[in-house]
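Residue strings, one per chain:
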Amino acid sequence: KQEVTQIPAALSVPEGENLVLNCSFTDSAIYNLQWFRQDPGKGLTSLLLIQSSQREQTSGRLNASLDKSSGRSTLYIAASQPGDSATYLCAVSLTGNQFYFGTGTSLTVIP
Amino acid sequence: SAVISQKPSRDICQRGTSLTIQCQVDSQVTMMFWYRQQPGQSLTLIATANQGSEATYESGFVIDKFPISRPNLTFSTLTVSNMSPEDSSIYLCSVGMGRRGTEAFFGQGTRLTVV
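Residues numbered from 1 in each chain as written. Chains lettered and ligands numbered in written order. Predicted model: local features only at pLDDT ≥ 70, side-chain atom pairs only at ≥ 80, totals over all residues. Heavy atoms only, no water.

### A closer look at the pairing of strand β11 (residues 105–110) of chain A
Looking along a regular strand, one sees side chains alternate from face to face of the sheet.
Residues and elements named next belong to chain A.
At step 1: Side chains Thr105, Leu107 and Val109 project from β11 onto a buried face, and the interleaved Ser106, Thr108 and Ile110 project onto a face without burial.
At step 2: Alignment of strand β2 (residues 10–14) against β11, held across five bridges, turns out to be parallel. In the sheet register, Leu11 faces β11, and the bridge partner there is Leu107.
At step 3: Where strand β9 (residues 86–93) and β11 come together, three bridges link them in antiparallel fashion. Pairing of Tyr88 across the sheet is with Thr105, part of β11. (Buried < 20%, exposed > 50% of the residue type's maximum accessible area, 1.4 Å probe, protein only. Helix = DSSP H or I, 4+ residues; strand = E, 2+ residues; numbered from the N terminus. Pairing = 2+ DSSP bridges.)

What follows is the structure, encoded as structure tokens:
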């Protein structure tokens, strides 16, 4: 069974800092990996999707990398802002449909 | 992308009762998924709902407790039956879009509290 772990569980940084969130998974035969953010009391917003054949994806201040062989992904957030405060979830899919989710990283960006 | 609407957004229910959660998608999709997020935990897949066939349940989830309907390609319901306080969670509907359904999109979730 696929196990997905995220480190750290919580992170607090001052505004403007660059930061890295980590995700690891046990089964490297993934179809794709997706990063989400979840705001309190709300659903999930898709941030970045990385196909298994890709090494990274970028969107604005976000950059996600994927190393399938080592079972790792990182989400890099540049020049963090208070609006980035949320829980960030990593999810992997083996078939392209159902996802296995990590435990999440709760990020607080202090103004 | 897809726009997914869930109803209700939240509810407080008495133990022993049932609640049906609705999920409406703005486009036709083959597969819809129901997840549960217990307090302080990540998401766990309950079942996959395909139109025209029985839902496929993950280990630990059974049809009698979580019956699912999928009458067409844009709509699904999840019922939480005979509720107990342990069922207090956020329930989320999801669809896969894109080539071979590769990108997941989620509704805003239903926050259920059982008292």
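Back to the text.
### A short note on the state of the cysteines
At step 1: Evaluated as defined, the whole model comprises two disulfides over all chains.
At step 2: The partner cysteine of Cys23(A) in its disulfide is Cys90(A), sulfur to sulfur 2.0 Å. On the sign convention where negative is left-handed, the bridge of Cys23(A) and Cys90(A), at about -55° about the S-S bond, is left-handed. Residue Cys23(A) is located in strand β3 (residues 19–25), and its partner Cys90(A) is located in strand β9; the two are separated by 67 residues in the primary sequence.
At step 3: Relative accessible area serves as the criterion here: at 2%, Cys23(A) is assigned to the buried category.
At step 4: Given a relative accessible area of 0%, Cys90(A) falls into the buried group.
At step 5: Between the sulfur of Cys23(B) and that of Cys93(B) lies a disulfide, 1.9 Å long from S to S. Taking the sign of the torsion about the S-S bond as the criterion, the disulfide between Cys23(B) and Cys93(B), at about -65°, is left-handed. (Disulfide = S-S within 2.5 Å.)

### Points about the pattern of salt bridges
At step 1: According to the stated counting rule, one finds three salt bridges over all chains in the structure shown.
At step 2: For Arg61(A), the salt bridge is made with Asp84(A), and the minimal N-O distance between the two is 2.8 Å. Note that Arg61(A) is positioned in the loop between β6 (56–59) and β7 (62–67) and Asp84(A) in the loop between β8 (72–77) and β9, a separation of 23 residues in sequence.
At step 3: Its salt-bridge partner being Lys65(B), residue Asp87(B) comes within 2.7 Å of it at the nearest N-O pair. Here the residue Asp87(B) occupies a position in the loop between β8 (75–80) and β9 (89–97), and Lys65(B) occupies one in the loop between β6 (56–57) and β7 (68–72), the gap between them amounting to 22 residues. (Salt bridge = Lys/Arg side-chain N within 4 Å of Asp/Glu carboxyl O.)

### Observations regarding the side chain of Ser80(A)
All names here are of chain A.
At step 1: With respect to the helices, strands and loops of the structure, Ser80 is situated in the loop between β8 and β9.
At step 2: On the basis of relative accessibility, which here comes to 1%, the residue Ser80 falls in the buried class.
At step 3: A distance of 2.8 Å separates the side chain of Ser80 from the backbone oxygen of Glu17, its partner in a polar contact.
At step 4: When near neighbours in sequence (up to four residues on either side) are disregarded, Ser80 contacts Val13, Pro14, Glu15, Gly16, Glu17, Leu19, Arg61 and Val109. (Polar contact = N/O pair within 3.5 Å; in protein donor to acceptor, adjacent residues only side chain to side chain. Contact = heavy atoms within 4.5 Å.)

### Some thoughts on the interface of chain B and chain A
At step 1: Of the residues lining the interface, 20 residues belong to chain B; the matching set on chain A comes to 21 residues.
At step 2: Interface of chain B and chain A: buried area, both sides summed, is about 1,700 Å²; carbon and sulfur atoms make up 49% of it.
At step 3: For the pair chain B and chain A, the number of links is six residue pairs in polar contact (both at pLDDT 80 or more).
At step 4: Looking at the side of chain B that touches chain A, the elements with two or more residues in it are β4 (31–37), β5 (43–50) and β10 (103–106) of chain B.
At step 5: Residues belonging to the side of chain B that touches chain A are distributed by class as follows: eight nonpolar, seven polar and five charged. (Buried area = accessible area lost by both parts, 1.4 Å probe. Nonpolar A, V, L, I, M, F, W, Y, C, P; charged D, E, K, R; others polar.)

### Side note on the sheet that holds β8(A)
All names here are of chain A.
At step 1: The strand order across the open sheet formed by five strands is β1-β3-β8-β7-β6, and the pairing between neighbours is antiparallel. Edge positions in the sheet fall to β1 (4–7) and β6, since each of these pairs with one other strand and no more. Direction aside, neighbouring strands of the sheet carry axes that sit 15° apart on average.
At step 2: As judged from the four bridges shared by β1 and β3, these two strands associate in the antiparallel manner. Residue pairing across strands places Gln6 opposite Cys23, the latter belonging to β3. (Axes fitted to C-alpha atoms, helices over the stretch in contact; angles between N-to-C directions.)

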